2 protein chains.
Amino acid sequence: MTQLKNDTFLRALMRQPTDYTPVWMMRQAGRYLPEYRESRKNAGSFMQLCTSPDFATEVTLQPLDRYPLIDAAILFSDILTVPDAMGLGLYFAEGEGPKFKRTLCEEDVIRNLAVPDMTSLQYVFDAVSQIRRALNGRVPLIGFSGSPWTLATYMVEGKGGTDFLTVKRMAYARPDLLHRILDITATTVTAYLNAQIAAGAQAVMIFDSWGGALAHNAYREFSLQYMEKILAGLKRENEGRIVPRIVFTKGGGLWLEAQAEIGADALGLDWTVDIGEARKRVGDKVALQGNLDPAILLSTPEAIEKEVATILASYGKGNGHVFNLGHGITQWTHPDNAAAMLEAVRKHSVQYHR
Amino acid sequence: MTQLKNDTFLRALMRQPTDYTPVWMMRQAGRYLPEYRESRKNAGSFMQLCTSPDFATEVTLQPLDRYPLIDAAILFSDILTVPDAMGLGLYFAEGEGPKFKRTLCEEDVIRNLAVPDMTSLQYVFDAVSQIRRALNGRVPLIGFSGSPWTLATYMVEGKGGTDFLTVKRMAYARPDLLHRILDITATTVTAYLNAQIAAGAQAVMIFDSWGGALAHNAYREFSLQYMEKILAGLKRENEGRIVPRIVFTKGGGLWLEAQAEIGADALGLDWTVDIGEARKRVGDKVALQGNLDPAILLSTPEAIEKEVATILASYGKGNGHVFNLGHGITQWTHPDNAAAMLEAVRKHSVQYHR
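Remember, it's a predicted structure, so these values are computed and weren't measured experimentally.

Engineer: Could you give an account of the overall build of chain A, naming the residues involved and the relevant values?
Structural biologist: Across its full length, chain A carries 15 helices and eleven strands. Seen through its C-alpha atoms, chain A measures out along the principal axes to roughly 60 × 45 × 40 Å. In chain A, which comprises 354 residues, the proportion classed as buried is 55%.

Here you go:
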């Protein structure tokens with residue numbers, strides 16, 4: 001494998017010294033970029049972008065080509081590839097977001113749920129390999145998956161971002177059924193991430209996008225313990241180097257202490273948490289990634305620079321911070337405002353690494 | 001005024017001794033009750049229910065008539081009566097939730113925004129008086145308002161539950177305009193709650209339903225300081241008794257320490273917080289109200305009783321807890337499950353008050 005030219009991101013995740021605070025943006029290959037919209041038009045659909053290694057490689061590299069200050073690439077894919085491979089029939093209704101043809105509600109269907117053969121996800125691993133070749137060592141490549149709880153919300157509700165009443169009813173009335181789903185999903189995600197690592201992913205991230213909807217004790221029972229199980233089953237090293245793992249529960253800022261105990265190297269933070277307070281709470285157990293409100297990128301370069309400086313100052317001196325947004329960049333962001341953020345991170349972070 | 005027969009709720013809010021933990025349910029007069037659905041049909045629309053003191057009185061009392069274990073009534077109304085009185089033109093599109101005809105985006109419109117005459121909200125104060133007469137001292141009556149930030153999200157976005165990108169863009173790009181809106185709204189809410197108190201509200205609650213969408217520092221600047229301003233302007237006593245104030249920021253569990261400093265007597269908690277930990281964090285500064293996940297009421301009486309007992313045990317011995325849901329009861333709740341919750345609170349709470 002090619003020598004990595006910029007390993008700042010990987011070093012920060014392991015809380016090793018770096019010259020500045022590395023940065024990437026969740027959903028950095030996305031609709032705010034005109035070149036992405038062009039690729040999507042050429043591909044014909046979002047699913048075509050995800051399932052074609054050529055297109056996935058093309059869009060993964062677009063933000064890196066535009067912004068030389070980005071320190072990591074992230075595999076272009078969707079968290080719902082996993083339930084799709086589990087047989088639920090993913091589709092995208094125009095203007096409605098992802099949906100599933102089948103949902104998990106009947107007991108016998110849930111009992112028959114099985115870990116899918118990873119060959120059904122080969123297109124993802126092919127994309128990882130192809131992106132690694134295209135990167136040619138510029139920056140590390142992040143692989144990822146949704147958390148079992150987050151994937152289960154889609155599989156039980158049939159869609160995302162709902163009130164979660166169906167899946168929560170199952171959690172309280174039939175916890176045995178939900179645990180069955182989560183258990184199979186955790187085993188699947190473990191195999192999925194290990195295959196991404198084998199194909200060349202140099203760090204992995206688990207997105208627990210809907211963990212914050214759970215009650216505090218239900219979070220531990222239905223989300224956190226399954227992420228812990230996944231981390232315990234992941235290959236720790238590849239190509240002679242540790243593969244750092246990031247866990248991000250959006251809306252989970254109250255539970256950082258518990259998250260810091262499950263074997264992650266870094267925790268993602270959304271914008272509701274003061275990153276300096278978060279650092280005090282987790283101590284030297286994990287690095288932290290975050291946490292600018294993506295809405296700020298809709299304002300002005302001056303306002304962006306001010307908020308970036310505030311976050312960097314709150315984290316303070318020393319290692320273990322990866323700058324990022326607190327959630328995905330919105331499609332309404334002007335690309336120049338993303339550049340303003342990246343420049344502000346570099347400009348203001350060097351002083352904290354002397 | 002008639003002597004109050006059951007003041008357990010008011011005493012708990014002031015952290016005074018009680019024989020058991022009092023309980024009420026957010027949105028207790030609501031669609032899960034067949035008698036409410038009948039009233040709404042008779043009224044013709046949700047707005048008719050809100051604007052007619054007769055209908056508002058009828059539905060406010062329905063949960064009390066059905067459930068003798070409820071310790072407080074809450075005015076039946078909507079948080080959007082205030083922006084409606086401010087001239088934004090509230091309407092309810094069938095199946096779509098509340099919307100406004102006009103939104104606040106133009107600078108001159110915002111500069112011309114004014115505190116409305118309270119006579120435009122007289123129907124609310126008439127409802128308060130009429131409900132007090134109908135209650136005849138059974139339990140105390142809670143008045144309420146939305147927080148300035150929460151009302152501003154509707155006034156700027158035109159509707160609720162969005163991604164808040166428009167109002168957040170204003171917060172970061174033109175904070176002067178948003179502060180102008182929040183300032184006028186806070187003055188309006190102060191007058192609105194004082195008029196409810198004068199009409200007979202025996203406690204008041206500020207619902208900051210969307211405060212949790214803000215970044216931690218933006219929450220202080222755009223939501224918390226305006227709630228503090230309101231509390232400072234509220235009449236403290238009426239009818240020879242203190243009028244307790246409850247502040248509830250949904251999704252604000254990370255910021256309880258700051259909330260405890262603004263002059264509230266009690267803080268509302270959603271289900272993401274462990275109430276025992278919350279109690280340690282706020283000390284003896286405030287009482288706590290919450291925090292069962294309303295989704296649990298969709299399960300079984302056994303599961304409900306177990307979770308109720310867990311919350312009561314977490315709070316532990318002593319005063320200062322008002323049991324409630326962590327958010328409004330859902331329309332899919334079977335009325336018997338609400339009864340199971342109320343009975344469990346009484347059954348399991350007495351031991352903590354000996």
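Having seen the structure, we can now continue with the description.
Engineer: Go over the confidence of the model for chain A, please, and point to the residues and values.
Structural biologist: In this model, chain A carries an average pLDDT of 96, and 99% of its residues clear a pLDDT of 70 or more. ipTM for the predicted complex: 0.94, alongside a pTM of 0.96.

Engineer: Quick one: what's the story with the interface of chain A and chain B, residue by residue and with numbers?
Structural biologist: You'll often see interface size given as the accessible area lost when the parts meet. Taken residue by residue, the interface counts 24 residues in chain A and 24 residues in chain B. Sorting elements by how many residues they give to the side of chain A that touches chain B places helix 9 (residues 165–173) of chain A first, with five residues.

Engineer: Any chance you could break down the relation of the copies chain A and chain B for me, citing the residues and the numbers?
Structural biologist: The operation relating chain A to chain B is a screw motion whose rotation component is 180°, with 0.0 Å of axial translation and a residual RMSD of 0.0 Å. The transformation just described matches what one would write down for a two-fold rotation axis. Of every C-alpha in chain A, the one belonging to Leu254(A) sits nearest the axis of rotation, 3.0 Å from it. Interface overlap between copies is the fraction of interface residues in one copy that are interface residues in the other; for chain A against chain B it reaches 100%, indicating a shared surface.

Engineer: I'd like a description of unusual backbone geometry, backed by residues and values.
Structural biologist: For residues other than glycine, phi is negative in most cases, and the peptide bonds are mostly trans. In the segment running from Gly290(A) into Asn291(A), the intervening peptide bond is cis, with an omega of -5°. Structurally, Asn291(A) can be placed in strand 10 (residues 287–292). Of note in this structure, Phe164(A) is not a glycine but carries a positive phi near 65°. If you check the backbone angles, Asn136(B) has positive phi at about 55° while not being a glycine. Its place among the elements puts Asn136(B) in the loop between helix 7 (122–135) and strand 4 (141–146).

Engineer: I'd like a rundown of the environment of Leu231(B), residues and numbers included.
Structural biologist: All names here are of chain B. As for its placement among the helices and strands, Leu 231 is situated in helix 11 (residues 216–233). Along the sequence, Leu 231 and Ile 131 sit 100 residues apart, while their C-alpha atoms lie 24 Å from each other. Ignoring anything within four residues of it in the chain, the contact list for Leu 231 reads Arg 245, Ile 262, Gly 263 and Ala 264.

Engineer: So, the pairing of strand 2 (residues 90–93) of chain A: which residues are in play, and what are the values?
Structural biologist: Working note: regular strand, side chains alternate between the two faces of the sheet. Residues and elements named next belong to chain A. Both strand 2 and strand 3 (residues 97–100) contribute to a ladder of four bridges, which runs antiparallel. Each bridged residue has a counterpart across the sheet, and for Leu 90 the counterpart in strand 3 is Phe 100. Where strand 2 hands over to strand 3, the hairpin turn is made up of three residues, of which Gly 95 adopts a positive phi near 70°.

Engineer: Any chance you could break down the sheet that holds strand 10 (residues 287–292) of chain B for me, citing the residues and the numbers?
Structural biologist: Backbone-to-backbone hydrogen bonds pair the strands of a sheet. The strands run either parallel or antiparallel. All names here are of chain B. The seven strands lie next to each other as 1-4-5-8-9-10-11, forming an open sheet whose pairing is parallel. Where the open sheet ends on each side, the last strands, each with one partner, are strand 1 (73–74) and strand 11 (321–325). Here strand 1 runs beside strand 4; their pairing, made up of two bridges, is parallel. Within the sheet, the bridge partner assigned to Ile 74 lies in strand 4 and is Ile 142.

Engineer: Tell me what's going on with the sheet that holds strand 9 (residues 266–268) of chain A, and back it up with residues and numbers.
Structural biologist: All names here are of chain A. The seven strands are arranged 1-4-5-8-9-10-11 in an open sheet whose pairing can be described as parallel. Where the open sheet ends on each side, the last strands, each with one partner, are strand 1 (73–74) and strand 11 (321–325). Of the pairings in the sheet, the one linking strand 8 (residues 245–249) to strand 9 comprises two bridges and is parallel in character. The partner of Val 247 across the bridge, within strand 9, is Leu 267. Of the strands in this sheet, strand 4 (141–146) and strand 5 (203–208) are in contact with helix 10 (residues 175–199), which crosses strand 4 at around 170°.

Engineer: Any details on the environment of Asn112(B)? Residues and values, ideally.
Structural biologist: Among the secondary structure elements, Asn112(B) is positioned in the loop between helix 6 (107–111) and helix 7. In this structure the C-alpha to C-alpha distance between Asn112(B) and Arg180(B), which are 68 residues apart in sequence, comes to 9.9 Å.

Engineer: Lay out the packing of helix 7 (residues 122–135) of chain A against helix 10 of chain A in plain terms, naming residues and giving numbers.
Structural biologist: Residue and element names in this part refer to chain A. Viewed as axis vectors pointing N to C, helix 7 and helix 10 meet at an angle of 30°, and their least axial separation amounts to 8 Å. Here helix 10 runs roughly parallel to helix 7, going by the angle between their axes. Between helix 7 and helix 10 the crossing geometry is right-handed. Along its contact with helix 7, which presents Val 124, Phe 125, Val 128 and Ser 129, the element helix 10 presents Ala 195, Gln 196 and Ala 199. A per-class count over the contact of helix 7 with helix 10 returns five nonpolar, two polar and no charged.

Engineer: I'd love a proper account of the packing of helix 8 (residues 148–157) of chain A against helix 10 of chain A, names of residues and values included.
Structural biologist: Residues and elements named next belong to chain A. Between helix 8 and helix 10, the least distance of the axes is 9 Å, while the angle of their chain directions is 120°. Considered as vectors, helix 8 and helix 10 are oriented oblique to each other. The handedness of the crossing between helix 8 and helix 10 comes out as right-handed. Of the residues in helix 10, those touching helix 8 at Pro 148, Trp 149, Leu 151, Ala 152 and Met 155 are Leu 178, Ile 181, Leu 182, Thr 185, Ala 186 and Val 189. The class makeup of the residues in the contact of helix 8 with helix 10 is ten nonpolar, one polar and no charged.

Engineer: How would you explain the nonpolar core if you had to name every residue and give the values?
Structural biologist: Ile142(A), Leu267(A), Ile142(B) and Leu267(B) are the most contacted members of the largest nonpolar core, which totals 238 residues. Residues contacting Leu267(B), with those up to four places away along its chain left out, are Val247(B), Phe248(B), Leu256(B), Gln259(B), Ala260(B), Val282(B), Val286(B), Leu288(B) and Gln289(B).

Engineer: Tell me about the pairing of strand 11 of chain B, residues and numbers included.
Structural biologist: All names here are of chain B. Strand 11 sits mainly inside the fold: five of its five residues count as buried. Judged by which residues are buried, strand 11 turns out to be covered on both faces: His 321, Phe 323 and Leu 325 on one side and Val 322 and Asn 324 on the other are all buried. Where strand 10 and strand 11 come together, five bridges link them in parallel fashion. Looking at the pairing, Asn 291 lines up with Asn 324 of strand 11.

Engineer: Tell me about helix 13 (residues 275–282) of chain B, residues and numbers included.
Structural biologist: All names here are of chain B. Residues of helix 13 that are buried include every one of Ile 275, Ala 278, Arg 279 and Val 282, and no others. Taken around the axis of helix 13, the buried residues stretch over an arc of 100°, which confines them to a single face. Close packing links the buried residues of helix 13 with helix 12 (256–259), strand 9 (266–268), strand 10 and helix 14 (301–315). Trailing helix 13 by a residue or two, Gly 283 shows a phi angle of about 60°, which is positive.

What counts and how
- Every chain is numbered on its own, with residues counted from 1 as its sequence reads.
- Think of it this way: whatever chain is written first is A, whatever ligand is written first is 1, and the rest follow in order.
- Per-residue local features are limited, in this predicted model, to residues with pLDDT of at least 70; the limit for side-chain atom pairs, both in listing and counting, is 80 or more; totals at the level of whole chains, interfaces and linings are taken over all residues.
- The secondary structure listing takes helices from DSSP runs of H or I that are at least 4 residues long and strands from runs of E that are at least 2 residues long, numbered from the N terminus.
- Neighbour density around each residue's C-beta defines its exposure: 20 or more other C-beta atoms within 10 Å make it buried, 12 or fewer make it exposed, and counts between make it partly exposed, where C-beta atoms are placed from the backbone.
- A residue's pLDDT is the predictor's confidence in that residue, given on a scale from 0 to 100.
- Think of it this way: build a C-beta for each residue from its backbone, and any pair within 7 Å is a contact.
- When the copies are superposed, the least-squares fit takes in the C-alpha atoms of residues with a pLDDT of at least 70 in both.
- Strands are treated as partners if at least two bridges between them are detected by DSSP.
- Only the contacting stretch of a helix is used when fitting its axis, a line to C-alpha atoms as for every element, and angles between N-to-C directions run 0 to 180 degrees.
- Geometric relationships in this document are graded by angle, where less than 35 degrees denotes roughly parallel, more than 145 denotes roughly antiparallel, 65 to 115 denotes roughly perpendicular, and other angles denote oblique.
- Handedness of a crossing follows from how the near helix is turned relative to the far one, being left-handed for an anticlockwise turn of less than a right angle and right-handed for a clockwise one.
- Under the grouping applied here, Gly and all other residues not named as nonpolar or charged are polar, the nonpolar ones being Ala, Val, Leu, Ile, Met, Phe, Trp, Tyr, Cys and Pro and the charged ones Asp, Glu, Lys and Arg.
- A set of buried Ala, Val, Leu, Ile, Met, Phe, Trp, Tyr and Cys residues, joined through C-beta atoms within 7 Å, is what we mean by a nonpolar core.
- Each C-beta atom gives one direction from the helix axis, and the arc is the one those directions make.

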